[in-house]
Amino acid sequence: MSSTPTRNISLTAELEGYIRTQVATGHYSNASEVVRAGLRLLMERD
């Protein structure tokens, strides 16, 4: 069993579509990678 914490989040249709597009175009392997990349950018900004 993975020791990586998981979270359930609610997304707007627009955000869900963006994530699906990023995965479909091959920029990311899955939705978790997209969300982690976004969180890293927020951390850098802050």
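Use the structure listed above.
Note that the structure is a prediction, hence the values are computed from the model and not measured. (Residues numbered from 1 in each chain as written. Predicted model: local features only at pLDDT ≥ 70, side-chain atom pairs only at ≥ 80, totals over all residues. Heavy atoms only, no water.)

> Describe the environment of threonine 21, with residues and values.
Looking at where threonine 21 falls in the secondary structure, it is placed in helix H1 (residues 13-24). When the C-alpha positions of threonine 21 and alanine 31 are compared, they lie 9.9 Å apart, and in sequence the two are 10 residues distant. Side-chain polar atoms of threonine 21 contact the backbone oxygen of glycine 17, separated by 2.9 Å. (Helix = DSSP H or I, 4+ residues; strand = E, 2+ residues; numbered from the N terminus. Polar contact = N/O pair within 3.5 Å; in protein donor to acceptor, adjacent residues only side chain to side chain.)

> I'd like a rundown of the pattern of salt bridges, residues and numbers included.
Close approach of charged atoms allows side chains with opposite charge to pair. In the structure shown here, the tally under the stated rule is two salt bridges. We note a salt bridge from aspartate 46 to arginine 45, for which the minimum N-O separation is 3.5 Å. Assigned by exposure class, aspartate 46 and arginine 45 land together as exposed. (Salt bridge = Lys/Arg side-chain N within 4 Å of Asp/Glu carboxyl O. Buried < 20%, exposed > 50% of the residue type's maximum accessible area, 1.4 Å probe, protein only.)

> Can you lay out the packing of H1 against helix H2 (residues 31-45) for me, pointing to particular residues and giving the numbers?
Two elements in contact, H1 and H2, have axes whose closest approach is 9 Å; the angle formed by their N-to-C orientations is 110°. Here H2 runs roughly perpendicular to H1, going by the angle between their axes. The handedness of the crossing between H1 and H2 comes out as right-handed. Listed contacts from H2 to Ile19, Gln22 and Val23 of H1 are Ala31, Val34 and Val35. (Axes fitted to C-alpha atoms, helices over the stretch in contact; angles between N-to-C directions. Parallel < 35°, antiparallel > 145°, perpendicular 65-115°, else oblique. Left-handed = near helix turned anticlockwise from the far one by under 90°. Contact = heavy atoms within 4.5 Å.)

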